Amino acid sequence: MNTPSPTPFRPARRHLLRTGVLGAGALGVGAASVGLDRALREPSQEPAAAEPALHGQLTVPFHGEHQAGIETPAPAAATFLGLDLREEVDREGVLRLLRLLTDDAARLTQGRPALADTEPEMASEPASLTVTFGFGPGLMERARREAPSWLAPLPAFGIDRLEEQYTGGDLMLQVAAEDPLTVSHAARMLLKDARAFTRVRWVQPGFRRSPGTQAPGTTMRNLFGQLDGSANAQLGSEHFSRVVWIKEGPFAGGTSMVIRRIRMDLDGWDEADRAAREQSTGTRLDSGAPLSGGDEFSRADFEKVSVNGFPVIGEFSHMRRANGIDEGEHQEIFRRPYNYDVAPPPGSDSVSEAGQVFVSFQADLNGQFLPIQRRLDALDLLNQWTTPIGSAVFAIPPGCAEGDYVGRSVLE
Ligand code: HEM
């Protein structure tokens, strides 16, 4: 697992008891060294006041068995880049592009400027930067390699209102860091180097909590105010490995990625009362606990009925439908979404245009993601306020060793 230092682990819902803040000790190292530096320059009789921890110098290893940016804590800012190969780019061109972008990513993530970086000073705060590569069906075809059978657009769902501008793509780069300026510089650098080979199909920025706002490992709130991600497997666990990493074949050590832009109707949500909002997912808005009781990480009791004999977690609730309990099945995926909140269309009555860049990783797209999405398509109260407007699937190749490039093991 590629882990930044500090490494805030979080427990998986209904799998472990909450263990508190594991990153705090390591965070303290950063804070202490800042304090020491200050103390050397400004001797004082007073005990040093606590300094805020600095995140700029934190790095996540780029090389390794798996690509970084999946089993690493999701940082505050991300930009997802969807690129299309130019018509004239052949197999050799694809490999050259990947070598170039791998070199850029290996440098930038470690706080070093890319070759020909026109703003080299902007590379000096990597802030846990990760760059994760995903291959679309078009890239595999251009590189003249057979794509895995699951690497194709998702089937059309009744809830979909897909827009071309957020759908598909030959190559995906997930650029994420604790600092938006770092993300911006890295994304621009990568795009400049990719320009001779690709055209930009879409760019989707997203955000989560800023570092230092909450204890590391705290589940993010989405723009509906819900705790989102509670049921995820814990990073670094055997459970995570089972859910996410492909075990065999050319993509062993990699995974599949689904990215869907899901618009969230915040104005409509405003009109729903708290009870309706909680019923929509089957979880409490304050604690994230299942409506059947307990805390955020308690196992949901889907059998529990109210005094009137109705299920406490409604049959239409998102959590119940996603879980699969009523179909006698249960699949898991690892969700790593980012919020988006952009300007509403000019002249619109709405005060916001917002949603989620939904991202999930799973070892088996057809066996894990698809059954969940099919159930949610058929019935999910949350659909009343959510609309998928973009969709793409990518194959995430395994990580690479130093001197190698991302994708060699699947393309050569
Ligand atoms: C904007 C869209 C979405 C919102 C706001 C949303 C929100 C939530 C919330 C609040 C929870 C409960 C807390 C948690 O365990 O994370 C949840 C659970 C879950 N969601 Fe979503 N979700 C969205 C889209 C999706 C999609 C597209 C999928 C997959 C196709 C999905 C799959 C799941 C799964 C598997 C769970 C865990 C269910 C369990 O407890 O077993 N969600 N979601």
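The model shown is predicted, which means the values in this text are computed figures rather than measured ones. (Residues numbered from 1 in each chain as written. Predicted model: local features only at pLDDT ≥ 70, side-chain atom pairs only at ≥ 80, totals over all residues. Heavy atoms only, no water.)

## What about the overall build of the chain?
In terms of regular secondary structure, the chain is built from 10 helices and nine strands. Taken over 412 residues, the chain has a buried fraction of 52%. When the accessible surface of the chain is totalled, it reaches about 18500 Å², and 53% of it is carbon and sulfur. (Helix = DSSP H or I, 4+ residues; strand = E, 2+ residues; numbered from the N terminus. Buried < 20%, exposed > 50% of the residue type's maximum accessible area, 1.4 Å probe, protein only. Areas by Shrake-Rupley, 256 points an atom, 1.4 Å probe, with all protein chains shown as cover.)

## Overview of the environment of Thr255
Relative to the elements of secondary structure, Thr255 occurs in strand β5 (residues 255-264). Through-space distance from the C-alpha of Thr255 to that of Phe394 is 8.7 Å; in sequence the pair is 139 residues apart. The residues touching Thr255, leaving out its near neighbours within four places in the chain, are Ile70, Trp150, Val244, Trp245, Ile246, Phe361, Gln362, Ala363, Phe394, Ala395 and Ile396. Among the polar contacts made by the side chain of Thr255, one reaches the main-chain carbonyl oxygen of Val244 at a distance of 2.7 Å. At 3.1 Å, the side chain of Thr255 and the backbone oxygen of Gln362 are in polar contact. (Contact = heavy atoms within 4.5 Å. Polar contact = N/O pair within 3.5 Å; in protein donor to acceptor, adjacent residues only side chain to side chain.)

## Some thoughts on the environment of His330
When you line up the elements, His330 lands in the loop between α8 (318-323) and β6 (334-335). A sequence separation of 42 residues divides His330 from Ile372, and the C-alpha atoms of the two residues are 8.5 Å apart. There is a polar contact of 2.9 Å between the side chain of His330 and the backbone oxygen of Asn323.

## Describing the confidence of the model for the chain
Do not read the fine detail of predicted coordinates wherever pLDDT is low. Across the chain, pLDDT averages 90, with 88% of residues at or above 70. A low-confidence stretch, residues 5-45 stays under pLDDT 50, and its non-local contacts, those more than four residues away or across chains, total 77 contacts. (pLDDT = per-residue confidence, 0-100.)

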